2 protein chains.
Amino acid sequence: MPLSLPVPDLVSLDLLRSVAEFGSIRQAAIAHNVSQPAASMRLKSLEKSLGLTLLDRSGGNARLTPAGAAVVEWSAQILEGVSELLVGARALRREGQSSLRVAASMTVAEYMVPVWLVKLNSVVPDISVSLQMGNTEQVAEIIRSQKADIGFVEGWSVPHEFNHRIVADDDLAVVVPPDHPWAHRKKVVTAKVLASTPLILRELGSGAREVLGKALEAHGLQPLPFVEVGSNTAIKAMVLSGVAPGVLSSFVTKAEVETGRLVVVKTRGVSLDRSIRAIWSKGGEQTPSAKRLLKLISDGR
Amino acid sequence: MPLSLPVPDLVSLDLLRSVAEFGSIRQAAIAHNVSQPAASMRLKSLEKSLGLTLLDRSGGNARLTPAGAAVVEWSAQILEGVSELLVGARALRREGQSSLRVAASMTVAEYMVPVWLVKLNSVVPDISVSLQMGNTEQVAEIIRSQKADIGFVEGWSVPHEFNHRIVADDDLAVVVPPDHPWAHRKKVVTAKVLASTPLILRELGSGAREVLGKALEAHGLQPLPFVEVGSNTAIKAMVLSGVAPGVLSSFVTKAEVETGRLVVVKTRGVSLDRSIRAIWSKGGEQTPSAKRLLKLISDGR
DNA sequence: GAAAGCTATAAGCTTTCCTTATGCCACTTT
DNA sequence: AAAGTGGCATAAGGAAAGCTTATAGCTTTC
């Protein structure tokens, strides 16, 4: 469902944050390289679109009202997300031409890499990072052929060929829309039922597919694809439309599960835990930038 | 620091999400009440501004490229934040005229209420909620005078007069910029040093001020305000400028601490833990909507 | 092979947004 | 008390962005 209109403007929210930071519209305008009247008008139209008075202009300086302070805090999360999007897009754009070349599986690229990159950028401001995406198998190939300095994958099979380190835990989840029979709180699905139900899955070569395959193989079973899709987003959209259950990383489904648009199905006898690993070539030494990134991921600094 | 340009457009990101959802530009355009060429041009300019190909238009339908799928996921967090901002702004706008009247201290309003309201809205779509903000003392007065159905406060003193329930834990943190002497990893500040250092504080009547006062009182001390400010945002801005240490909820400082722009000072003998409580009048029965909200906060559904 | 569905381009118009110029206000300095 | 400084708003004019309708081309489906 689209956002309810009117939608505020990102530049205006950013500008408001600068007003909070500098204490005046004028200085915020300078920081944004626009004229003071432009900033003034932007803020006024933001107030109009939200229907709130954000600034108290009665003194010499403009000061945030309580509502303004709230909007600034509410915007902080949005602007943080925008920073991540921008840094992620920049890394994708570089296509492997950079001082630190990262390759990541779709899930890792979508849910973890931008956060890492924003932090890395704040610690090492002038580093240039590129990001290459693929499924677990493709990432392995990129590392194998030295086209990236460090890779991130899910699943078990690949790491033995490389140096590796676990950087996070993840697990798969079988998800359905809330009106699906499996969505009932007391319903528990067995490996046998799961294997005999057509599922929306990632393609062979993906970490998700591998883990599900291994989990069912333990019972002498194998998954029955309703359809195979190359992107988590596409699977989510299909599951939401109700055509079949899907199997996805819990990272992928987190937001939808929290808002109740998807339900995680309880399973028995199906082991869907997995780890996310950094991998790098056994041949040479790790590059300093790659080491720095790994340290940041492990320590948080 | 302002965002790095060019900044993508929220409507375009929302539109891209709809393309992922519906599987075609045309249907996304319909969902957004714009013409198909308008949607097409918006998406093209989004691609240009990010420097990435987001859609594969080679078949009959447009389909997301891997980069497009990544951008959709990166956008999801942003759009979620925008939903929260919009619902929060709408609640503030109603100024107590609604079927569920919520009053909350600044910290709770800034960091928790919008999430609750988005969830509540998805469970009870046609509910109208208003939000009144103030410090802990003002919220108590609003509840006392029946101008809100439920209130949320920090600190200890107020609840005894009302029915109450703990809904979250929070604690205060003394924060400084990274170049401050107290920022050193091994530095530990005692109650005595803290009380003799001018601090940037919230005003009397705020939950933060009360908790700090109580913590120092246990040593026969009291805080020494460098300045008293009415908003968390303003305190943060001042602390970042380096004039003095500040005392803030850990919610407020979370983002800045994670990015390293603020450092939490280790303290000894200063008890800054506190709870966040829902409070409501002891007189009558709780309204059904208020009960629903409380259930949602406790259960998550 | 016709039909249906989807997307891109073009033309024309409206709206938005920015800059410069200017005036007023509040607070500070002398 | 008067002048100075920093700050905000309004107005006018011009540039740019965005939308709609009309149209044409492409792909998949029946």
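Residues numbered from 1 in each chain as written. Chains lettered and ligands numbered in written order. Predicted model: local features only at pLDDT ≥ 70, side-chain atom pairs only at ≥ 80, totals over all residues. Heavy atoms only, no water.

## Points about the overall build of chain A
Line of reasoning, step 1. Helix and strand counts for chain A stand at twelve helices and 13 strands.
Line of reasoning, step 2. Summarising its shape, the C-alpha atoms of chain A cover approximately 75 × 55 × 30 Å along the three principal directions.
Line of reasoning, step 3. Here chain A holds 301 residues, and the buried ones make up 53% of them.
Line of reasoning, step 4. When contacts within chain A are restricted to residue pairs at least 6 apart in sequence, long-range pairs at least 24 apart make up 75% of them.
Line of reasoning, step 5. By element, 53% of the accessible surface of chain A is carried by carbon and sulfur atoms, the whole surface being about 13,200 Å². (Helix = DSSP H or I, 4+ residues; strand = E, 2+ residues; numbered from the N terminus. Buried < 20%, exposed > 50% of the residue type's maximum accessible area, 1.4 Å probe, protein only. Contact = heavy atoms within 4.5 Å. Areas by Shrake-Rupley, 256 points an atom, 1.4 Å probe, with all protein chains shown as cover.)

## Observations regarding the domain arrangement of chain A
Line of reasoning, step 1. For chain A, the domain assignment lists domain 1 (10–96) and domain 2 (169–274).
Line of reasoning, step 2. Between domain 1 of chain A and domain 2 of chain A, the C-alpha centre-to-centre distance is 41 Å. (Domains from an automatic or database assignment.)

## Quick notes on helix α3 (residues 36–50) of chain B
Line of reasoning, step 1. Look at α3 of chain B: 21 Å from first C-alpha to last across 15 residues, which is about the 21 Å you get at 1.5 Å a residue.
Line of reasoning, step 2. Positive backbone phi, at 75°, marks G51 of chain B, one or two positions downstream of α3 of chain B. (Expected span 1.5 Å × (residues − 1).)

## Thoughts on the protein's contact with DNA strand D
Line of reasoning, step 1. If you check the shell around DNA strand D, you find 21 residues, and the closest are S40, K44 and R57 of chain A together with S35 and R42 of chain B.
Line of reasoning, step 2. The sugar-phosphate backbone supplies 69% of the atoms of DNA strand D found within 4 Å of the protein.
Line of reasoning, step 3. For DNA strand D, a phosphate oxygen lies 2.7 Å from a polar atom in the side chain of S35 of chain B.
Line of reasoning, step 4. R42 of chain B places a side-chain nitrogen or oxygen 2.4 Å from a phosphate oxygen of DNA strand D.
Line of reasoning, step 5. Within the residue set of the surface near DNA strand D, elements represented by two or more residues are α2 (25–31) and α3 (36–50) of chain A together with α3 of chain B.
Line of reasoning, step 6. For the surface near DNA strand D, the residue count by class is seven nonpolar, ten polar and four charged. (Near = heavy atom within 4 Å. Polar contact = N/O pair within 3.5 Å; in protein donor to acceptor, adjacent residues only side chain to side chain. Nonpolar A, V, L, I, M, F, W, Y, C, P; charged D, E, K, R; others polar.)

## Digging into the interface of chain B and chain A
Line of reasoning, step 1. At the junction of the two partners, chain B supplies 60 residues and chain A supplies 60 residues.
Line of reasoning, step 2. Surface buried jointly by chain B and chain A totals about 5,100 Å² across both partners, of which 66% is contributed by carbon and sulfur atoms.
Line of reasoning, step 3. Where chain B packs against chain A, one counts two salt bridges.
Line of reasoning, step 4. Ionic pairing is found between K236 of chain B and E73 of chain A, a salt bridge with its closest N-O pair at 3.2 Å.
Line of reasoning, step 5. Of all the elements in the fold, those that place two or more residues in the side of chain B that touches chain A are α1 (10–22), α4 (66–93), α5 (106–111), α6 (113–123), β4 (129–134) and α10 (232–241) of chain B.
Line of reasoning, step 6. The dominant element in the side of chain B that touches chain A, judged by the number of residues it contributes, is α4 of chain B, at 23 residues.
Line of reasoning, step 7. Of the residues belonging to the side of chain B that touches chain A, the class tally is 35 nonpolar, twelve polar and 13 charged. (Buried area = accessible area lost by both parts, 1.4 Å probe. Salt bridge = Lys/Arg side-chain N within 4 Å of Asp/Glu carboxyl O.)

## Some remarks on the pattern of salt bridges
Line of reasoning, step 1. Here the structure, examined in full by the defined rule, presents 34 salt bridges over all chains.
Line of reasoning, step 2. In this structure, D299 of chain A engages K295 of chain A in a salt bridge whose closest nitrogen and oxygen atoms are separated by 3.2 Å. You can see D299 of chain A and its partner K295 of chain A sitting in helix α12 (residues 288–299), four residues apart, about one turn around the helix.
Line of reasoning, step 3. Of the residues examined, K295 of chain A reaches a relative accessible area of 41% and is grouped as partly exposed.
Line of reasoning, step 4. Counted as one network, the salt bridges with shared partners bring together E73 of chain A together with K236, E256 and R261 of chain B.

## Some thoughts on the pairing of strand β6 (residues 163–176) of chain A
All names here are of chain A.
Line of reasoning, step 1. Bridge count between β6 and strand β13 (residues 273–280): eight bridges; the pairing is antiparallel. Directly across from H164, in β13, lies its bridge partner I279.
Line of reasoning, step 2. In this sheet, strand β11 (residues 263–264) lies alongside β6 in antiparallel orientation, the contact comprising two bridges. Paired with V175 across the bridge in β11 is V264. (Pairing = 2+ DSSP bridges.)

## Looking at the packing of aromatic side chains
All names here are of chain A.
Line of reasoning, step 1. In total, this model carries three aromatic pairs over all chains according to the counting rule given.
Line of reasoning, step 2. Aromatic side chains W116 and F152 sit 4.8 Å apart centroid to centroid with 50° between the ring planes, which places their arrangement in the tilted category. Taken together, the residues W116 in helix α6 (residues 113–123) and F152 in strand β5 (residues 150–154) connect sequence positions 36 residues apart. One exposure class covers both W116 and F152, and it is buried. (Phe/Tyr/Trp six-rings, centres within 6.5 Å; stacked < 30°, edge-to-face > 60°.)

## Observations regarding the protein's contact with DNA strand C
Line of reasoning, step 1. Taken together, 19 residues form the shell around DNA strand C, and within it S35 of chain A together with R26, S40, K44 and R57 of chain B come nearest.
Line of reasoning, step 2. Protein-adjacent atoms of DNA strand C, using a 4 Å cutoff, are sugar or phosphate at a proportion of 62%.
Line of reasoning, step 3. In this structure, a phosphate oxygen belonging to DNA strand C sits 3.4 Å away from a side-chain N or O atom of Q27 of chain B.
Line of reasoning, step 4. Those elements that place two or more of their residues in the surface near DNA strand C are α3 of chain A together with α2 (25–31) and α3 of chain B.
Line of reasoning, step 5. Grouping the amino acids of the surface near DNA strand C by side-chain chemistry returns seven nonpolar, eight polar and four charged.

## Overview of the packing of helix α4 (residues 66–93) of chain A against α4 of chain B
Line of reasoning, step 1. Following both chains from N to C, one finds α4 of chain A and α4 of chain B inclined at 175°, their axes separated by 10 Å at the closest point. The angle between α4 of chain A and α4 of chain B places the two elements in the roughly antiparallel class.
Line of reasoning, step 2. Classifying every residue of the contact of α4 of chain A with α4 of chain B gives 16 nonpolar, eight polar and two charged. (Axes fitted to C-alpha atoms, helices over the stretch in contact; angles between N-to-C directions. Parallel < 35°, antiparallel > 145°, perpendicular 65-115°, else oblique.)

## A closer look at the relation of the copies chain B and chain A
Line of reasoning, step 1. Its rotation angle being 180°, the transformation that places chain B on chain A also includes 0.0 Å of axial translation and leaves an RMSD of 0.0 Å. Such values leave the two copies arranged in the relation of a two-fold axis. Using C-alpha coordinates, one finds that chain B approaches the rotation axis most closely at I78 of chain B, a distance of 2.4 Å.
Line of reasoning, step 2. A shared interface surface links the copies, since 100% of the contact residues of chain B are contact residues in chain A too. (Least-squares fit on C-alpha atoms with pLDDT ≥ 70 in both.)

## Side note on unusual backbone geometry
Residue and element names in this part refer to chain A.
Line of reasoning, step 1. With an omega of -5°, the peptide bond running from L5 to P6 counts as cis.
Line of reasoning, step 2. If you trace the backbone, P6 turns up in the segment before α1 (10–22).
Line of reasoning, step 3. In this structure, Q146 is a non-glycine residue whose phi angle is positive, near 60°.
Line of reasoning, step 4. On the secondary structure map, Q146 appears in the loop between α7 (136–144) and β5.
Line of reasoning, step 5. Judged by its relative accessible area of 51%, Q146 falls in the exposed class.

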